[in-house]
Amino acid sequence: MDIKGKNILVIGGAGFIGSHVVDELLKEDVKNIIIFDNFCRGTRENIEEALKDKRVRVFEIGGDIQQTDILDLAVKESQGVIHLAALWLLQCYEFPRSAFDVNIRGTFNVLESCRNNKIERLVYSSSASVYGDAVELPMTEEHPFNNRTFYGATKIAGEAMCRAFNERYGLPYAGLRYMNVYGPRQDYKGTYIAVIMKILDRIDSGLSPIVYGDGSQSYDFIFVSDVAQANVKALKSDASDKFYNVGSGISTSIKEICEMLLELTGSKLIIQYEPAGLTFVTNRIGSTEAAEKDLGFKYKTELKEGLLKLIEWRKNHKFNRGLN
Ligand SMILES: NC(=O)c1ccc[n+]([C@@H]2O[C@H](COP(=O)([O-])OP(=O)(O)OC[C@H]3O[C@@H](n4cnc5c(N)ncnc54)[C@H](O)[C@@H]3O)[C@@H](O)[C@H]2O)c1
């Protein structure tokens, strides 16, 4: 899609990844960027800088994908849609019905509105959660769906609905399956905190970081700005009706990331090992070939560099986190 002079709707645009997508879109010559978000997890602070640009605004009437008439008004104004709104893994674990309402029904609402308003292109945020535990590495996009979580189930449903809307109504879309995303603006409050944030919280408080099990669980960590770039590339590309891994293709164990964080923060603390607790997936590394070939996307930020940016960002947010 040629996005020059176009209005782009970013659904979930005040969230962790969505706010970086807005920043990335600002580097392009788009006409307007409309943020549609109900702020259940997203924040004004995430988009504070972006809102200084006249092209960006928060949709004034509402921002919940469950309110279809309001959603439709926002979609009507737009030519391209990036849909990131969803409840996250642990929220879906605790509240499966809400997961259904937001991630499945909400995504259906977005798709229907895109079709009704003849949207030129949709980019859908899926997840590597669709794969579950790896049966082969790296995981290509053809890897079986071994997911066993409600969250993954909602993403599989979302993908299947994108495909059906494409088949039935010709809606052009690309879907992105993110690996483990990290970086500034990652949620640091409440119950639903990602592993890197938990480790850094412990280190900041002078407590040994806790690793559950032997720490050999390995993931593919990808910096949030790179994920945002993948979204813009997917929006601008013509590749349609396909899903792409968005990762670095590099395996890092939890033990390794913990050691890296101790080193980067200059901490002398020692890792505390605890019996394995609730884990959803223990091994997940994505193949990056298809995204590189079709979307021209390759990650740029090395893990240490990205972690340093995250640590720096956290320093400036200590007051808000109540850690000083
Ligand atoms: N962070 C990761 O590691 C990761 C990995 C794989 C996939 N994803 C997917 O990427 C997308 C963005 O994730 P994120 O990490 O930025 O999460 P996030 O929670 O920070 O962002 C989601 C945004 O959607 C908004 N939202 C939630 N329910 C809504 C509703 N009913 N109506 C409108 N807005 C609503 C939230 O307020 C939030 O701003 C999600 O679809 C998520 O499933 C994230």
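Here is a short report on the structure shown in this document. (Residues numbered from 1 in each chain as written. Predicted model: local features only at pLDDT ≥ 70, side-chain atom pairs only at ≥ 80, totals over all residues.)

Counting secondary structure elements, the protein contains twelve helices and 14 strands. Rg of the C-alpha trace for the protein: 19 Å, near the compact-globule value of 20 Å for 324 residues, within the 12% margin. Across its three principal directions, the C-alpha atoms of the protein cover 55 × 45 × 35 Å. When burial is assessed residue by residue, the protein has 46% of its 324 residues classed as buried. Here the contacts in the protein between residues at least 6 apart in sequence split such that 82% fall between residues at least 24 apart. (Helix = DSSP H or I, 4+ residues; strand = E, 2+ residues; numbered from the N terminus. Rg over C-alpha atoms; globule rule 2.2 N^0.38 Å. Buried ≥ 20, exposed ≤ 12 C-beta atoms within 10 Å, placed from the backbone. Contact = placed C-beta atoms within 7 Å.)

Let us look at the site of the ligand. Taken together, the neighbourhood of the ligand is formed by 28 residues, with Gly 12, Gly 15, Gly 42, Ala 86 and Val 181 sitting nearest. Among the secondary structure elements, those contributing two or more residues to the shell around the ligand are helix H1 (16-25), helix H5 (96-116), strand S5 (121-127) and strand S7 (180-182). For the shell around the ligand, the element with the highest residue contribution is H1, accounting for three residues. Classifying every residue of the shell around the ligand by side-chain character gives 13 nonpolar, eleven polar and four charged. (Near = placed C-beta within 6 Å. Nonpolar A, V, L, I, M, F, W, Y, C, P; charged D, E, K, R; others polar.)

As a further point, take the nonpolar core. The biggest cluster of nonpolar side chains holds 87 residues, and the ones touching the most others in it are Val 10, Ile 11, Ile 35 and Val 246. The greatest single-element share of this core, amounting to seven residues, is contributed by helix H8 (residues 224-236). The residues that make up this core include at least three from each of domain 1 (7-182 + 221-248 + 290-299) and domain 2 (195-218 + 251-282 + 304-318). Setting aside residues no more than four positions away along its own chain, Val 10 makes contact with Gly 18, Val 21, Val 22, Ile 33, Ile 35, Phe 36 and Ile 82. (Core = buried A, V, L, I, M, F, W, Y, C linked by C-beta atoms within 7 Å. Domains from an automatic or database assignment.)

Right, let's talk about H5 for a bit. For an α-helix, the turn length of 3.6 residues means that residues three or four places apart are oriented alike. The end-to-end C-alpha separation of H5 is 29 Å, in line with the 30 Å expected for 21 residues at 1.5 Å each. Along H5, the positions that sit buried rather than exposed are Ala 99, Val 102, Asn 103, Gly 106, Thr 107, Asn 109, Val 110, Leu 111, Ser 113 and Cys 114. Elements in contact with the buried residues of H5: strand S1 (7-11), helix H3 (68-76), strand S4 (80-83), helix H4 (89-94), S5 and helix H6 (150-169). Looking one or two residues beyond H5, the residue adopting positive phi is Lys 118, at roughly 50 degrees. (Expected span 1.5 Å × (residues − 1).)

With that settled, the discussion passes to the environment of Glu 167. With respect to the helices, strands and loops of the structure, Glu 167 is situated in helix H6. For Glu 167, a count of 10 C-beta atoms within 10 Å translates into the label exposed.

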